[in-house]
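# Chains, contacts and geometry: an overview
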Amino acid sequence: MLVHELLKTGRDEDPAVVDGGRSFAYAELRALTRAYRNHLYAQGIRIHDRVAIFSHKNIHYIAAYMAIASLGAVAVPINVQLSQREIGYILKDSGSSLLLTDRPFDWSGMPQYQDLAAAVRELAIDAYAETAAPEAPALPADFSSQQPCIIIYTSGTTGHPKGALLSHDNVTYNAQQVQDVLHIRREDRILCVLPLYHCFCLITSLMNPLLAGASIVLFDSYTLKNVVQDIRTYGLTVLYLVPSICSVLIQTASPEDLRTVRYTILGGTALPLSILKAFEEKFRMPIIEGYGLSEASPVVSVNPPRRVKPGSIGVELPGITTRIVDEQERDVAPGERGQLLVRGRNVMLGYWHRPKETAQTLSGGWLHTGDVVRRDEDGYLFIVDRIKELIISMGENIYPREIEELLYSYPHIRDAAVIGVPDKMRGHVGCCYYTVEPGFDVTGRELKKYLQQNLALYKVPRMFHKLESMPRLATGKIAKKALKDIYAKAVQDRR
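Description of the structure in this document. Keep in mind the model is a prediction, meaning the values are calculated, not measured.

The next thing to look at is the overall build of the chain. Within the chain, the regular secondary structure consists of 13 helices and 25 strands. Against the compact-globule benchmark of 23 Å for 495 residues, the chain has a radius of gyration of 23 Å, which places it among compact chains. With the C-alpha coordinates aligned to their principal axes, the bounding extent of the chain is approximately 70 × 55 × 45 Å. Split into buried and exposed, the 495 residues of the chain put 55% on the buried side. Here the analysis covers contacts within the chain between residues at least 6 apart in sequence; of these, 65% occur between residues at least 24 apart. Roughly 21,700 Å² of accessible area belongs to the chain as shown, and the carbon and sulfur atoms make up 51% of that amount. Computed over 56 positive and 54 negative side-chain charges, the inter-centroid distance for the chain is 3 Å.

Structure representation (structure tokens):
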């Protein structure tokens, strides 16, 4: 199936998208997509051209996605939190010829990207609605679902970000895989709170609801407290959340506020067990955790709604095969830790013009996720940590997530993160950053003593730093790269 064909499922009169309080029926969304398609074709967009999108989510963003796909072109969604330098890198790396945006850019002050002013045309993301354009021709009959449709750039925690190239089949197949487990219904009203440049949101909050003919409610407010009002106003039935919103709901919502909700699903980042337990105790419903990565389009596993195992990322979606391997890529024994490898139709075509990195990541026909997991006796997967976040101190492996889970269980800790930092004697040691709930104080000495009572001593971080607020990505993940920058600056300032 091609991505834009997902629009065919919904009935003309049924609501497809609610944006800023206005409801757009499926017939309207199809008409908007057609208008956008004609406009882009008139602008010279053809098969395989790259079109970048830099905008907050709205109905125009969705129409742009679908229109780009319908022309056989390739969408390049860009994180709206990136700096102009980072945006310039993605535009240049992807070879985008057009940028659909909700703000103008001036490249004259950046010598390395000055050529973008001539190479990349900028159009307001809602400009297609101003003038009609001639009807664009249909795609060739032999246009295959194996053709690329989206480049998702990874967050770039080390070095420059890489673009995961996804095909129409990758995206639509993954949407169907999610449907086979969650069984989203036509009557469902889905909360879209994550940004649309995020792959998890793209599949779960956009592609899968369109496949089911359901309704999507766009939430793009800076005030998270407003999400409770939206749940009540629209009678939302499926919530895709991140930890920060789970915390807001625990603090501000009542069970009555969530009475229409039948699924609460979390992805994109791990949820501390303390938050999970507090949520389930208050609302008497499980949080359904899943797991994925952009290179897998992205969903790999999810807890079956009727068989949720708290703290687990669930079991593989239908059509996905996994292995857990050691450093020599030998399968580990049941219950042992190892890197998760993934195989299936949802796995990316490769990294955009990076054959060496593609060969490494897809070595032997398996997607090497870089995540350390274990599998229990029931086949459920549990994330242990990221391989890149593993701290090796005096030859011992230290997994930050194990420490963070303990930190979250300490009274009045709001956020906690452990990073590895250089140490002349040990190679690397742990450094803990944390925030506390308003009105309370927790010292590093208290945390260190607590961890010493519950962990092997080599796992206890050597340093503890309290922050007023924790740096985060738009997905709700704690930005560990930003914490490493904070640490590096502090070291530099002491010299």
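Moving on, there is more to tell.
As a further point, take the sheet that holds strand E25 (residues 463-466). Pairing in this open sheet of three strands is mixed, and the strands run E23-E24-E25 from one edge to the other. Across the chains shown, the open sheet's two edge strands, defined by having one partner strand only, are strand E23 (413-423) and E25. Geometrically, the sheet is characterised by an average inter-axis angle of 25° between neighbouring strands, direction not taken into account. Here 10 bridges tie E23 to strand E24 (residues 427-436), and the two strands are oriented antiparallel to one another. Counted as the bridge partner of Asp415 is Thr435 from E24.

Attention now moves to the sheet that holds strand E15 (residues 315-316). With respect to topology, nine strands assemble into an open sheet ordered E2-E1-E10-E9-E11-E12-E13-E14-E15, the strand pairing being mixed. Looking at the sheet topology across the chains shown, the edges are occupied by strand E2 (22-25) and E15.

Here we come to empty space enclosed by the protein. Unoccupied space between atoms shows up once a probe the size of one water molecule is rolled over them. For the structure shown, the criterion picks out one cavity of 30 Å³ or more. Contributing to the lining of the largest cavity are Val178, Leu182, Phe200, Thr204, Tyr240, Ile265, Leu266, Gly290, Val299, Ser301 and Val302. Sorting the residues of the lining of the largest cavity by element identifies helix H5 (168-182), helix H6 (199-212), strand E12 (263-266) and strand E14 (299-302) as the ones contributing at least two each. Per-element tally for the lining of the largest cavity: the top contributor is E14, with three residues. A class-by-class count of the residues in the lining of the largest cavity yields eight nonpolar, three polar and no charged.

A separate point is H6. With 14 residues, H6 should reach 20 Å at 1.5 Å per residue; the first-to-last C-alpha distance of 18 Å fits that figure. Among the 14 residues in H6, 14 count as buried, and that is most of the element. Phi turns positive one or two residues past the end of H6, at Gly213, with a value near 70°.

Next up on the list: the state of the cysteines. Note on terminology: a disulfide is the covalent bond linking the sulfur atoms of two cysteines. Counted under the stated rule, the structure contains zero disulfides. Sulfur of Cys246: no disulfide; nearest cysteine sulfur belongs to Cys201 and is 15 Å away. On the basis of relative accessibility, which here comes to 0%, the residue Cys246 falls in the buried class. Cysteine Cys432 is unpaired, with the sulfur of Cys431 as its nearest cysteine sulfur at 7.4 Å. For Cys432, a relative accessible area of 0% corresponds to the buried category.

Attention shifts here to the pattern of salt bridges. Should their charged atoms come close, side chains of opposite charge can pair. Applying the stated rule across the entire model yields 26 salt bridges. Here Asp188 makes a salt bridge to Arg262, at a shortest N to O gap of 2.6 Å. Separated by 74 residues along the polypeptide, Asp188 in the loop between H5 and strand E9 (189-192) and Arg262 in the loop between helix H8 (243-252) and E12 bring together distant segments of the chain. Judged by relative accessible area, which is 1%, Asp188 ranks as buried. Residue Arg262 is classed as partly exposed on the basis of its relative accessible area of 27%. Between Arg426 and Asp423 there is a salt bridge; the shortest N-O distance is 3.5 Å. Shared partners join several salt bridges into a network, and the residues in it are Lys309, Asp376 and Asp378.

What follows concerns the packing of H5 against H6. Interaxial distance between H5 and H6 falls to 9 Å at its minimum, and their mutual angle equals 80°. Considered as vectors, H5 and H6 are oriented roughly perpendicular to each other. Every residue of H6 that contacts H5 at Val171, Asn174, Ala175, Gln176, Val178 and Gln179 is listed here: Ile203, Met207, Asn208, Leu211 and Ala212. Of the residues assigned to the contact of H5 with H6, the class counts are seven nonpolar, four polar and no charged.

Let us now look at the packing of aromatic side chains. The full count for this structure, using the stated rule, is eight aromatic pairs. Ring centres of Phe200 and Tyr240 lie 5.9 Å apart, and the angle between their planes is 80°; this geometry places the pair in the edge-to-face category. Of this pair, Phe200 sits in helix H6 while Tyr240 is found in strand E11 (residues 238-241), placing the two residues 40 residues apart along the sequence. Tyr240 shares its class with Phe200; the two are buried. It is Arg262 that lies over the ring of Tyr263; its NZ or CZ is 4.5 Å from the centre.

Note the cis peptide between Ser297 and Pro298, where omega equals 0°. Tracing the chain through its elements places Pro298 in the loop between strand E13 (287-292) and E14. A positive phi angle is found at His48, which is not glycine, with a value near 75°. Mapped onto the elements of the fold, His48 is located in the loop between helix H1 (26-42) and strand E3 (50-54).

About the thresholds
Residues numbered from 1 in each chain as written. Predicted model: local features only at pLDDT ≥ 70, side-chain atom pairs only at ≥ 80, totals over all residues. Heavy atoms only, no water. Helix = DSSP H or I, 4+ residues; strand = E, 2+ residues; numbered from the N terminus. Rg over C-alpha atoms; globule rule 2.2 N^0.38 Å. Buried < 20%, exposed > 50% of the residue type's maximum accessible area, 1.4 Å probe, protein only. Contact = heavy atoms within 4.5 Å. Areas by Shrake-Rupley, 256 points an atom, 1.4 Å probe, with all protein chains shown as cover. Lys, Arg positive; Asp, Glu negative; His and termini not counted. Charge placed at Lys NZ, Arg CZ, Asp CG, Glu CD. Pairing = 2+ DSSP bridges. Axes fitted to C-alpha atoms, helices over the stretch in contact; angles between N-to-C directions. 1 Å grid on protein atoms, 1.4 Å probe; cavity = no way out; pocket = protein on both sides within 12 Å on 5 of 7 lines; lining within 4 Å. Points joined across faces, edges and corners; volume = space filled by probe spheres on them. Nonpolar A, V, L, I, M, F, W, Y, C, P; charged D, E, K, R; others polar. Expected span 1.5 Å × (residues − 1). Disulfide = S-S within 2.5 Å. Salt bridge = Lys/Arg side-chain N within 4 Å of Asp/Glu carboxyl O. Parallel < 35°, antiparallel > 145°, perpendicular 65-115°, else oblique. Phe/Tyr/Trp six-rings, centres within 6.5 Å; stacked < 30°, edge-to-face > 60°. Lys NZ or Arg CZ within 6 Å of the ring centre and 35° of its normal.

In short, geometric facts, not functional conclusions.
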